[in-house]
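# Architecture at a glance
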Amino acid sequence: MRWRRGSSEDKRKNKGGNHSGGSWTTLLLLILVSLLLAAYNAYATARDVRLAVGPEGEAQRRFFIEAADRPDILTLFKGMTLEEKLATARNIARYDHPKLAKLVAILLQDFDAPARRELTETFKVVAQRQPKAVAEELKNASSFQYLGVTAALRSIGDRAIPFVVETLSNGDCRPRAIEYLTNSGPAAIPFVLRSLRSDSKDVRLAAVETLGKLRARVAAEPIRRLFLSAERADRMPYLTALATIAAPQDEALLREALDDTGYPTPLRAQAALGLGRIASPTSIRTLWDRTRDRDPDLVEAAVAGLRLAEDRALLYGSGSTRVTAEVCAGFESPLSDRTLSSLLRASDRPTLEAATEAARGRPQLAASLKSLLLRLDPLRDGDLVELAVDALYSTAPGREALAGVSDPVLRAFVERRKLIETFGST
């Protein structure tokens, strides 16, 4: 029995030894496989780099075309030296294929500025041959990619515009396509106008937004028709465009929208901005009336509209002195300066506060601000004194005026303002 137990123990030991040996064998195999994979990866990477930077030929052409769909191509490019990156970028320009636009757009995510500059030059060559493929790369959200795509499209001039308009049907491209077309100016208008007849609502809305930003008067009539035929809940984008275009014939429509309490305040606010851009005597008077509204958001919109009208807002209507000061804060002109100078002599606190805030950064009002400062009681009107000192400190003539203040309490406000300028507020 003793012998048999010993035999059983030996078997268990042998079994454990075999298991341990098997584990080591598996580990060694894994290490060997890893080394082989690493070696192959190094070989493949070196081969790919040689293809990318090497002489022109069918193998290189095929490599670049296939690389556009490789998930590792950006990693490969980032691992190259700068000289290899520059050579790769130049070599891509040798060939003509739509996939090359995608490849260049991918590589533009690299952080190496000289490489991106060379890639952008290559993108311009690709755009000459494949403008549609380059326009489709507006789908990329990276700023580096967008800058490269737009530079390439700009390099071929107005020829790029129709291809960019086509991308309005692609939701990924649409925001950047609208921006590109808006920056293209009047040349884009005829091409975008056609999209107002698109069967796709999203394309029509993109065209409306673009034409509004372009302030295309020729688009006012078709957009007006779309506004009137749309459900009330869907009218905001059309009214926004009409308000931005601000055609005089739309004044009545905008005034009705502003006065329609059934519309949400944001839509009515857009109407107010449109009336301010039209800036006719009747539209100005309408906006001054709205500055007395109970809805503070609508009052704010009316003030913004009056600011857009600039001097016409002061010539064709009037409102409270406080609101007049707020309107003057939105633009600078000799008339607005004279108006604020007069308001700085007012007696009521709200008007003085608004006028003082509006006078910041206006050297012409330094004398009026100093007169106000010397009239104030610093013990009673500390907040207003602080506003006046701050406004004076914002211009060189104002700082000169403050240097002549002798009242010790007022000097304390001036010195405090100097400390804030030096050390910041606490």
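Each value, and the rule that gives it
Residues numbered from 1 in each chain as written. Predicted model: local features only at pLDDT ≥ 70, side-chain atom pairs only at ≥ 80, totals over all residues. Heavy atoms only, no water. Axes fitted to C-alpha atoms, helices over the stretch in contact; angles between N-to-C directions. Helix = DSSP H or I, 4+ residues; strand = E, 2+ residues; numbered from the N terminus. Left-handed = near helix turned anticlockwise from the far one by under 90°. Contact = heavy atoms within 4.5 Å. Nonpolar A, V, L, I, M, F, W, Y, C, P; charged D, E, K, R; others polar. pLDDT = per-residue confidence, 0-100. Buried < 20%, exposed > 50% of the residue type's maximum accessible area, 1.4 Å probe, protein only. Parallel < 35°, antiparallel > 145°, perpendicular 65-115°, else oblique. Patch = residues over 30% accessible without salt bridge, like charges linked within 9 Å, V, L, I, M, F, W, Y side chains within 5 Å. Areas by Shrake-Rupley, 256 points an atom, 1.4 Å probe, with all protein chains shown as cover. Salt bridge = Lys/Arg side-chain N within 4 Å of Asp/Glu carboxyl O. Phe/Tyr/Trp six-rings, centres within 6.5 Å; stacked < 30°, edge-to-face > 60°. Lys NZ or Arg CZ within 6 Å of the ring centre and 35° of its normal.

### A closer look at the packing of helix H20 (residues 321-328) against helix H21 (residues 334-343)
- Contact geometry for H20 and H21: axes closest at 10 Å, N-to-C directions at 145°. In this structure, H20 crosses over H21, and the sense of that crossing is left-handed. For the pair H20 and H21, contact is made by Thr321, Thr324, Ala325 and Cys328 and by Ser336, Thr339, Leu340 and Leu343, respectively.
- Per-class residue counts for the contact of H20 with H21 are four nonpolar, four polar and no charged.

### Observations regarding the confidence of the model for the chain
- When pLDDT is averaged across the chain, the result is 92; 91% of the residues are at 70 or more.
- Considering only residues more than four positions removed or in separate chains, one finds that residues 1-6, a stretch of pLDDT under 50, has zero contacts.

### Comments concerning unusual backbone geometry
- One non-glycine residue with positive phi stands out, namely Arg215, at about 50°.
- By the element assignment, Arg215 lies in the loop between helix H12 (201-213) and helix H13 (220-229).
- Note on Arg215: relative accessible area 42%, which makes it partly exposed.
- For Glu310, which is not glycine, the phi dihedral falls at a positive 55°.
- By the secondary structure assignment, Glu310 is in the loop between helix H18 (296-309) and helix H19 (311-315).

### Re the packing of helix H16 (residues 265-278) against H18
- As a packed pair, H16 and H18 sit with axes 7 Å apart at the nearest point and diverge in direction by 20°. With respect to H18, the axis of H16 lies roughly parallel. Once H16 is placed against H18, the crossing between them reads as right-handed. Across the interface between the two elements, Thr265, Arg268, Ala269, Ala272, Leu273, Gly276 and Arg277 of H16 pack against Asp297, Leu298, Ala301, Ala302, Ala304, Gly305, Leu308 and Ala309 of H18.
- Partitioning the contact of H16 with H18 into residue classes produces nine nonpolar, three polar and three charged.

### Focus on a nonpolar patch on the surface
- Together, Trp24, Leu27 and Ile31 line one region of the surface with nonpolar side chains, adding up to about 320 Å² of accessible area.
- Take Leu27: it is sitting in helix H1 (residues 2-53).

### Some remarks on helix H14 (residues 236-245)
- Burial analysis of H14 places seven of its 10 residues in the buried class, the great majority of the element.
- Buried within H14 are the following residues: Tyr238, Leu239, Ala241, Leu242, Ala243, Thr244 and Ile245.
- On its buried side, H14 packs onto H12, H13, helix H15 (251-259) and H16.

### Notes on the packing of aromatic side chains
- With the rule as written, the count across this model stands at three aromatic pairs.
- Their ring planes at 55° and their centres at 5.6 Å tell us that Phe63 and Phe64 sit as a pair that is tilted.
- Owing to a relative accessible area of 8%, Phe63 belongs among the buried residues under this scheme.
- A residue is classified by how much of its surface remains accessible, and Phe64, at 2% relative accessible area, is buried.
- Centroid distance Phe64 to Tyr95: 6.2 Å. Interplanar angle 50°. Geometry classified as tilted. One end of the pair, Phe64, is in helix H2 (residues 58-67); the other, Tyr95, is in the loop between helix H4 (82-92) and helix H5 (99-107), with 31 residues separating them in the sequence.
- When its relative accessible area of 8% is taken as the criterion, Tyr95 is described as buried.
- Through a chain of ring-to-ring contacts, three or more aromatic side chains come together here, namely Phe63, Phe64 and Tyr95.
- The ring centre of Phe144 lies 3.7 Å from the NZ or CZ of Arg116, which sits over that ring.
- A cation over an aromatic ring shows up here: Arg232 above the ring of Tyr263, its NZ or CZ 4.1 Å from the ring centre.

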